[in-house]
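Okay, here's what each chain looks like letter by letter:
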Amino acid sequence: PDDFEFGKYSMSSNPRGNVLIINNEILKDKFFIDGASVDFANLHNVFNKLGFKIHSYSNLEFSPMRDAIRNFARLEDHANVDMVAVCILSHGNDYEIQSNDGVGFKKEKIIEMFNNQNSRLVGKPKMFLFHSCYGNIVDYGVPDKKEPINMEQTEADAVPTRGRRSRERTPFARFREQTEENSRSSCEDMVIIHASVPGYSTCRDPKTGSWLVEMICEVFQKYSHKYDLRYMLDIVAAEMSKKEASYGEKQGIEVSSRHFCKKLMFNPETAVQRQPVVTVPVCIGTQKSSKRKQKEVLATPVLTLRDAVYYEMSHKKRGKAYIFNHE
């Protein structure tokens, strides 16, 4: 409806929230992720500017990494802040992110630690950033042509269900009938950011870091006083679509939400910076003539918001919808 207004998450505590940053840039067999240290420093800088208390670790093996995430999830201090963020930089695939010794940690297990069973986090926004490859496919893009697609050449087989869902009441449903207590969904107030779409790899620059972290830091630093989190992530996605590596490589990101039904404004103008800003040497300029300069957070692109957040929807026939009803 036209008169519907989104609520807003409370973002007035100081510190604003707690953020966990894990950077596994040196992996098993001495595999090194170029530019990960720049991402680590840039995330430090932007969350410091947003008024977060930062908990950071580098190159953790599986057990210490599991303990660091678990201990962070159980922090009593979460009761005193308005938001929690988890950023993990490493190698991985569509369902796991790796520890320093090459052991996969399931992303859903990490998210599960921060659901509503954790009473200190109920009703508070949670942001997860998993920066790892979602696969090994390199995205070289497709021609930017608006031509009709032959649907007969893109058919996919549907997987039949193994029977209808049972209509029998669950034990919890029977329990609810006997009480008057309200309940909440187990997973609420979550925004989850993956650095690529399933099956595809990510792109990075050894000097300026990964495309996604660089763009998140730029956009958050420039617009967090004006726009909400999901709007800024739309800008990040739009700017990512314009990037192209030297051999034509592209990178799409995946952003999902789980009952994230309010607007989140960081309100950085009233935030208190509680840690010194981390600075790293960043190479500025072209390959032929470059100079090194200390820079806090990379902030160079000029963003066109109208182009960034609106799809064109002006055709008389807006589109086609296919509805499948397998009763």
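Parameters at a glance
Residues numbered from 1 in each chain as written. Predicted model: local features only at pLDDT ≥ 70, side-chain atom pairs only at ≥ 80, totals over all residues. Heavy atoms only, no water. Buried < 20%, exposed > 50% of the residue type's maximum accessible area, 1.4 Å probe, protein only. Helix = DSSP H or I, 4+ residues; strand = E, 2+ residues; numbered from the N terminus. Pairing = 2+ DSSP bridges. Phe/Tyr/Trp six-rings, centres within 6.5 Å; stacked < 30°, edge-to-face > 60°. Polar contact = N/O pair within 3.5 Å; in protein donor to acceptor, adjacent residues only side chain to side chain. Contact = heavy atoms within 4.5 Å. Core = buried A, V, L, I, M, F, W, Y, C linked by side-chain atoms within 4.5 Å. Expected span 1.5 Å × (residues − 1).

Draft legend 1. The arrangement of the pairing of strand E8 (residues 126-131) in detail. Among the 6 residues of E8, 6 are classified as buried, and the element is accordingly described as predominantly covered. Residues of E8 alternate between two faces, with Lys-126, Phe-128 and Phe-130 on one and Met-127, Leu-129 and His-131 on the opposite face, all of them buried. Relative to E8, strand E5 (residues 83-89) runs parallel, the two sharing 6 bridges. Looking at the pairing, Ile-88 lines up with Phe-130 of E8. As paired elements, E8 and strand E9 (residues 190-194) share 5 bridges and run parallel to each other. In the sheet register, Phe-130 faces E9, and the bridge partner there is His-194.

Draft legend 2. Spotlight on the packing of aromatic side chains. The tally for this structure, following the rule as stated, stands at 10 aromatic pairs. Taking the centre distance of 6.0 Å and the plane angle of 50 degrees together, the rings of Phe-72 and Phe-114 count as tilted. Taken together, the positions of Phe-72 in helix H2 (residues 62-73) and Phe-114 in the loop between helix H3 (107-112) and E8 put the pair 42 residues apart, joining distant regions of the chain. Look at Phe-72 and you get buried, because its relative accessible area is 3%. Residue Phe-114 is classed as buried on the basis of its relative accessible area, which comes to 0%. Seen from their ring centres, Phe-220 and Phe-266 are 5.6 Å apart, and the 45 degrees between their planes marks the pair as tilted. Taken together, the residues Phe-220 in helix H5 (residues 211-223) and Phe-266 in the loop between strand E12 (254-258) and strand E13 (280-285) connect sequence positions 46 residues apart. In this structure Phe-266 comes out as buried when scored by relative accessible area, which is 0%. An aromatic cluster of at least three residues, connected via ring pairs, comprises Phe-47, Phe-52, Phe-220 and Phe-266.

Draft legend 3. The arrangement of the side chain of His-131 in detail. Along the chain, His-131 turns up in strand E8. One polar contact links His-131 to Ser-210, side chain to side chain, over a distance of 3.1 Å. Once residues lying within four places of it in the same chain are set aside, the contact partners of His-131 are Ile-88, Leu-89, Ser-90, Ile-97, Ala-195, Thr-202, Arg-204, Ser-210, Leu-212 and Val-213.

Draft legend 4. Looking closely at the nonpolar core. By size, the foremost hydrophobic cluster in this structure holds 41 residues, and its most contacted members are Leu-43, Phe-47, Leu-212, Phe-220, Leu-229 and Phe-266. Elements that contribute at least two residues to this core include exactly strand E1 (17-23), helix H1 (36-49), E5, E8, E9, H5 and helix H6 (229-242). If one sorts the elements of this core by residue count, H5 sits on top with 9 residues. Leaving out residues up to four positions away in the same chain, Leu-43 has contacts with Ile-21, Cys-87, Leu-89, Leu-129, Val-213 and Cys-217. Counting residues in each nonpolar core, the second largest holds 21 residues, with Ile-22, Ile-88, Ile-111 and Ile-192 among its members.

Draft legend 5. Region of interest: H5. With 13 residues, H5 extends 18 Å between its outermost C-alpha atoms, agreeing within 8% with the 18 Å of an ideal straight helix rising 1.5 Å per residue. Of all 13 residues in H5, 11 are buried, a share of seventy percent or more. Every buried residue of H5 is listed here: Trp-211, Leu-212, Val-213, Glu-214, Met-215, Ile-216, Cys-217, Glu-218, Val-219, Phe-220 and Tyr-223.

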